[in-house]
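Observations on chain architecture
Letter by letter, the chains look like this.
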Amino acid sequence: MTSRRMTGWQGEPVRFRFDGRDYEGVRGDTLASALLANGVRTVAASPALGRPRGIYAAWTEEPNALVRYGVEPMAQATTLDLAEGLDATSLRGRGRLSEEPDTGRYDAVYAHCDVLVVGAGPAGIAAATAAAETGARVIIADDRPIAGGSLPDTAETVGGVPGAEWAAATLAALDDRPDVRVLSRTSVFGYYDDNHLVAVERRGVDAYSRERVWRIRARRVVLATGAHERPIAFAGNDRPGVMLAASARAYVNRHGVLPGERAVVFTTNDSAYAAARDLAAAGVEIAAIVDTRETAGPAPDGAEVLAGHVVTAVGGEEGVTSVTVSASDREDRDDREIEADLLLVSGGWNPLVHLFSQAGGELRHDDGIGSFVPGSVRQAVEVAGAARGVFTLAGCLEDGAAAGARAAEAAGFRVESVFETPGTPAEEPAAPAGHLWLVPSADYGTHFVDLQRDVTVADVMKATGAGLRSVEHVKRYTTAGTAHDQGKLSGVLTSAVVGHALGLPLADLGTTTFRAPYVPVGFATLAGRDRGALHDPVRTTSLHEWHVVYGAPFENVGQWKRPWYYPRAGEDMEAAVLRECHAVRTAVGAMDASTLGKIDVQGPDAAEFLDRIYTNMMSTLKVGAIRYGVMCRPDGMVFDDGTVIRLADDRFLVTTTTGNAAAVLDWMEEWLQTEWPQLRVYCTSVTEHWATVALAGPGSRDVLAGLAPGLAVDAASFPFMTWRDTEVAGLAARVCRISFSGELAYEINVNAWDGLALWEAVMGTGVVTPYGTETMHVLRAEKGYPIVGQDTDGTVTPADLGMDWVVSKKKPDFIGKRSFARADTSRPDRKHLVGLLPADAGRLLPEGAHLVETSTLPEPPVPTLGHVTSSYRSAVLDSTFALALVSGGRDRMGEVLYVPLGDEQVPVTVTSHILYDPEGARRDG
Amino acid sequence: MLLIPCPWCGPRDEAEFHYGGQAHVAYPENPAALSDEEWARYLFFRDNPKGRFAERWNHTAGCRRWFNAVRNTATNEIEAREVTA
Ligand SMILES: [Zn+2]
């Protein structure tokens, strides 16, 4: 393999593999520059057509050279640092996620500044310096490993030194200032409301965290994002060896790599001449410059300039071997084939307006450069340099300095001295650029518009031929601009081709919407530390360690970890739950109920407040007593339920379902603040102040009596739905006589830090069986107690649940009352909560299963009567059973309905939702 | 990510807030006196303008206070705010 590295180019050797072959590059290479240095031309096969493709650009705009390595499923060879031992393969077809987890560490940083400068090219560095001079806090972010924007590509000088050196020194001086932060290898990829910008910093595999996401809030932003050279659509413009002219120049000046031996340059403007000169100086033979303009620029030494010509064909299946050129728009077309292995293309320059557009800025078509430039914008943003169509080095420096000063001033800083821009070599004024987007042809089948999506001019014309006139529609029809590169090169070209097809000016068509992210960002990067155990906060009770030691698997309830069941040796879940249920129904069990939401509601108007919030009356509750209550939304649908304990005339303790505690507190505060500010009521979450142990079963009274010798536990002294403050196991405790199982039961509340001592004392009696949430669910379901959010779904009224009794007829109003008088809430075919007993007592119905009326399914659509909301095996019923919401369910008692499961119609009998102890005989033990 | 000016805490990230929908939709004085249609309008009907819109915000992860703000739904500019909701 011939080396294409320029003679005398120094660099520490780096060995790497590509598609299974060993190569050597130098430190500072990208994978792309190293491949070019090794003469590798074909680096990919196009995804749809399988055509061979080569390296086309030199940075994030690269459409072709996608590779995968390690766990990285898709990376651009043009941005991938060459590292020792890199083993990359070209991506043929679609990317595939790695099967291996990404073990890298990723972080996030939040930052604020007065002026954020995006891009450290000449304009960005000048802007940051000018802003920093005023004392403003400045962040300057640049996505490349070496700052300077295009300076390292063009090898221009600034202030008499090579541009890259000037950039590095100026940035180093900026970084020394206490109020300036320089972020290199940092791509700003999203611009959101109120100057919130998000960037990804690529720190490398050796850094503590491989990548960091920066979330930056800036008073003012300066976008100095530069410009992309744009391609031209012509026949065979996708062949390996076709490359953007400025990218080829970058490979020469930045990496010392000659991308070919003999080049044809195809251009509409002067910038490609400079590229040609640099390539010629480096040793590439320039065979011809094909300029679409009639008045061509000055030729580099020895090169033939063909003014008013275009490229009409490219020879070479596996890579450019020849270029056919022809005089454009002339009757006497004289096609001429020129031997070459490299075809450089420059169709002019597109300012990088992506972030500006994301900021909500409007774009304006500029006839001079034939592309879109920033127009008006609401956000506090300036655009400087090539990003707004300023294409000379001196112009960029001046424009940047002015923008930086303006931004600092707008952020409230005084500009005391004018930042003097360093000198640059004199530049010839550029001749007006020509505008050519596509070379006219009879066959547009290989005029590629989007190389990554394999979209040709023919495809775009098919879309316009089908009647599509909007570039947004054409994008979706053809997929042009939807690849990893987000149409960086193809976007404006697509618009221009649509314009050509419809005979409309580009200015009228505009561009498709620019969206974040500007560059691909890994999900692992965005997730940062919020993965695995840190994905969401985990809440555990003060008894948690005991549950762990006793082998309970945990159920997630909101963020809480609740013990699910306590399997004994050899038991599966079903056996453990049946045993635990049996223990509670026949002896005594204990459950950790600490996760129930608890809200302290106090103030002179607390009773009035609760009367308005709950459907039932709470103001009549006596101190020392407890009442079950239901809350509805104004639409009359059940929102939450729980118990209310009256602690004093002006003080209540409200319990909520575990998952709804925060929502209920928010709900209460909303009504207090927004509708009833005159009520003197204060709500405080006390969920985590208490540990709660539920003691349930006919033996619970004896256990409690043993632990609380000072407490009169007989039914007359301590009736159902009352509470007592006492000592339990020597701990200050509040004992509530409430039941969620239908059995005689108590809830013992102690300070959270006493929770474990209480639990161990309960277990120390030797007669209490610990039970988990699954047993709790079975026991409550046997009694027909609904779980809000499981047996209800926001379309269920108290009446639907068979709980008319919980809706006050006396109160003049409460939240939801008016809705119970709506026609809809009294329809007879509303879904009611009912019980279901399968004909086969061993058949466990899946929750969510639908119910139908007939034993054979009619033709679809099959009307559903409702669905199963809870389903369990019951020890005490000696059968499986279910709760379900069934249309007109209360009028269907004894009816047989069917649950379609696969090919089966499983028969079930409708029963009351209260399947066990309907008389409530067990509550007093 | 909006920067929302909480009247109590100053400008804070949108992520700290909960959105509360259209402002100035008061709970009716006497719901029992309303027709089904009037009640349904209170329950279910809200404006959805392009442009200025008075809406409620709650600084959930901050001071937990409700306030109203006028936001331009087309530009996300917050033009005014009131302390009492
Ligand atoms: Zn606040």
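- The name that an unreviewed UniProt entry assigns to chain B is Sarcosine oxidase subunit delta, with the source organism given as Planotetraspora phitsanulokensis.

Observations regarding the overall build of chain B
- Looking only at helices and strands, one finds 1 helix and 6 strands in chain B.
- Counting helices and strands in the order they occur from the N terminus, chain B gives β-β-β-α-β-β-β.
- On the principal axes, the C-alpha backbone points of chain B span a range of 40 × 30 × 20 Å.
- In chain B, 45% of the contacts between residues at least 6 apart in sequence involve partners at least 24 apart.
- Side chains of chain B give 10 positive and 12 negative charges; the mean places of these two sets differ by 5 Å.

Some thoughts on the coordination of the zinc ion
All names here are of chain B.
- Protein ligation of the zinc ion involves Cys6 (SG), Cys9 (SG), His59 (ND1) and Cys63 (SG), the donor distances falling in the range 2.0 to 2.3 Å.
- In primary-sequence terms, the residues that donate to the zinc ion follow C-x2-C-x49-H-x3-C. With Cys9 in the loop between β1 (3-6) and β2 (10-13) and Cys63 in the loop between β4 (52-58) and β5 (66-72), the pair connects residues that are 54 residues apart, well separated along the chain.
- Judged by its relative accessible area of 36%, Cys9 is partly exposed.

Digging into unusual backbone geometry
All names here are of chain A.
- Cis geometry is found at the peptide bond from Ala516 to Pro517, where omega equals 0°.
- Inspection of the secondary structure assignment puts Pro517 in the loop between α12 (506-509) and α13 (523-527).
- Of note, the phi angle at Asp19 is positive, near 50°, even though the residue is not glycine.
- Structurally, Asp19 can be placed in the loop between β1 (13-18) and β2 (21-26).
- Residues other than glycine seldom take positive phi values, yet Asp878 does so here, at roughly 55°.

Digging into the packing of helix α15 (residues 573-586) of chain A against helix α20 (residues 773-782) of chain A
Residues and elements named next belong to chain A.
- Between α15 and α20, the shortest axis-to-axis distance is 9 Å and the interhelical angle comes to 55°. Here α15 is positioned oblique relative to α20, judged by the angle of their axes. Regarding α15 and α20, the two cross each other, and that crossing is right-handed. Residues Met573, Val577, Glu580, Cys581, Val584 and Arg585 of α15 form the contact with α20, whose own contacting residues are Glu774, Thr775, Val778, Leu779 and Glu782.

A closer look at the pattern of salt bridges
Residue and element names in this part refer to chain A.
- Taken as a whole, this structure holds 59 salt bridges over all chains when the rule is applied.
- With its nearest N and O atoms 2.6 Å apart, the salt bridge here joins Glu571 to Arg579.
- A salt bridge links Arg873 to Glu574, with the shortest nitrogen-to-oxygen separation between them at 3.2 Å. Remark: Glu574 occurs in helix α15 and Arg873 occurs in strand β46 (residues 866-874); sequence separation between them is 299 residues.
- Residue class for Arg873 comes out partly exposed when judged on its relative accessible area of 29%.
- Accessibility expressed as a relative area gives 40% for Glu574, which makes it partly exposed.
- Among the charged side chains, a network of salt bridges with common partners joins Asp800, Asp824, Arg827, Asp829 and Arg830.

What to know about the sheet that holds strand β22 (residues 322-327) of chain A
Residues and elements named next belong to chain A.
- The 3 strands are arranged β21-β22-β23 in an open sheet whose pairing can be described as antiparallel. The sheet terminates laterally at β21 (309-315) and β23 (336-339), the two strands that pair on one side only. Across the sheet, the axes of successive neighbouring strands diverge by a mean angle of 30°, strand direction being ignored.
- Sheet analysis places β22 next to β23, joined by 4 bridges and oriented antiparallel. From the neighbouring strand, Ser322 faces β23, where its bridge partner is Glu339.

Some details on the nonpolar core
Residues and elements named next belong to chain A.
- Membership of the largest hydrophobic core comes to 45 residues, with the highest contact counts inside it found for Phe16, Phe18, Leu31 and Ile55.
- Of all the elements in the fold, those that place two or more residues in this core are β1, α1 (31-37), β7 (86-90), α5 (245-255), β18 (262-267), α6 (271-282), β19 (285-291) and β24 (342-346).
- Discounting chain neighbours no more than four positions away, the residues touching Phe16 are Arg21, Asp22, Tyr23, Glu24, Gly25, Leu31, Ala34, Leu35, Asn38, Leu82 and Leu86.
- Counting residues in each nonpolar core, the second largest holds 33 residues, with Ala127, Trp166, Ala167 and Val222 among its members.

Focus: the interface of chain B and chain A
- Each partner contributes to the interface: chain B provides 26 residues, whereas chain A provides 24 residues.
- Around 2200 Å² of area is buried between chain B and chain A when both sides are counted, 45% of it from carbon and sulfur atoms.
- Of all residues in chain B, the largest losses of buried area upon contact with chain A belong to Met1, Tyr27 and Arg64 of chain B, amounting jointly to 29% of the total for that side.
- Seen at the junction of chain B and chain A, the total is 6 salt bridges.
- Linking chain B with chain A are 19 residue pairs in polar contact (both at pLDDT 80 or more), by the criterion used here.
- At 5 residues, helix α1 (residues 36-44) of chain B tops the list of elements feeding residues into the side of chain B that touches chain A.
- In terms of residue class, the side of chain B that touches chain A is built from 15 nonpolar, 5 polar and 6 charged.

Here's the deal with empty space enclosed by the protein
Residues and elements named next belong to chain A.
- The tally for this structure, following the rule as stated, stands at 6 cavities of 30 Å³ or more.
- The volume enclosed by the largest cavity comes to roughly 100 Å³.
- What lines the largest cavity is a set of 14 residues, among which Ile645, Leu653, Thr655, Glu747 and Asn749 lie closest to the centre.
- Listed by contribution, the elements that provide at least two residues to the lining of the largest cavity are β36 (638-648), β37 (651-656), β39 (690-696), β41 (731-736) and β42 (745-751).
- The residue makeup of the lining of the largest cavity, split by class, is 7 nonpolar, 4 polar and 3 charged.

Looking at the packing of helix α16 (residues 606-613) of chain A against helix α17 (residues 661-674) of chain A
Residues and elements named next belong to chain A.
- Relative orientation of the contacting elements α16 and α17 amounts to 110°, with a least axis distance of 12 Å. Classified by the interaxial angle, the pair formed by α16 and α17 is roughly perpendicular. Considering only the axes of α16 and α17, their crossing is right-handed. Residues Phe609, Leu610 and Ile613 of α16 form the contact with α17, whose participating residues are Trp667, Met668, Trp671 and Leu672.

Focus on helix α9 (residues 457-465) of chain A
Residue and element names in this part refer to chain A.
- Listed as buried for α9 are Val457, Val460, Ala463 and Thr464. Down the axis of α9, the sector holding all buried residues measures 115°, keeping them to one side. For α9, exposure combined with an orientation more than 90 degrees from the buried face picks out Lys462 and Gly465.
- Lining the buried residues of α9 we find β29 (448-450), β30 (455-456), α10 (471-478) and α11 (491-502).
- After α9 finishes, the residue Gly467 shows a positive phi value of roughly 100°.

What about the sheet that holds β4 of chain B?
Residues and elements named next belong to chain B.
- As summarised here, the arrangement of the 4 strands in space is β3-β4-β5-β6, forming an open sheet in which the pairing is antiparallel. At either end of the open sheet lies a strand with only one pairing partner, and these are β3 (18-22) and β6 (78-82). When the angles between neighbouring strand axes are averaged without regard to direction, this sheet yields 30°.
- For β3 and β4, the ladder comprises 3 bridges, and the chain directions are antiparallel. Bridge pairing in β4 links Gln22 to Glu55.

What counts and how
- Residues numbered from 1 in each chain as written.
- Chains lettered and ligands numbered in written order.
- Predicted model: local features only at pLDDT ≥ 70, side-chain atom pairs only at ≥ 80, totals over all residues.
- Heavy atoms only, no water.
- Helix = DSSP H or I, 4+ residues; strand = E, 2+ residues; numbered from the N terminus.
- Contact = heavy atoms within 4.5 Å.
- Lys, Arg positive; Asp, Glu negative; His and termini not counted.
- Charge placed at Lys NZ, Arg CZ, Asp CG, Glu CD.
- Donors = N, O, S within 2.8 Å, 3.2 Å for Na, K, Ca; no water.
- Buried < 20%, exposed > 50% of the residue type's maximum accessible area, 1.4 Å probe, protein only.
- Axes fitted to C-alpha atoms, helices over the stretch in contact; angles between N-to-C directions.
- Parallel < 35°, antiparallel > 145°, perpendicular 65-115°, else oblique.
- Left-handed = near helix turned anticlockwise from the far one by under 90°.
- Salt bridge = Lys/Arg side-chain N within 4 Å of Asp/Glu carboxyl O.
- Pairing = 2+ DSSP bridges.
- Core = buried A, V, L, I, M, F, W, Y, C linked by side-chain atoms within 4.5 Å.
- Buried area = accessible area lost by both parts, 1.4 Å probe.
- Polar contact = N/O pair within 3.5 Å; in protein donor to acceptor, adjacent residues only side chain to side chain.
- Nonpolar A, V, L, I, M, F, W, Y, C, P; charged D, E, K, R; others polar.
- 1 Å grid on protein atoms, 1.4 Å probe; cavity = no way out; pocket = protein on both sides within 12 Å on 5 of 7 lines; lining within 4 Å.
- Points joined across faces, edges and corners; volume = space filled by probe spheres on them.
- Arc of directions from axis to C-beta.

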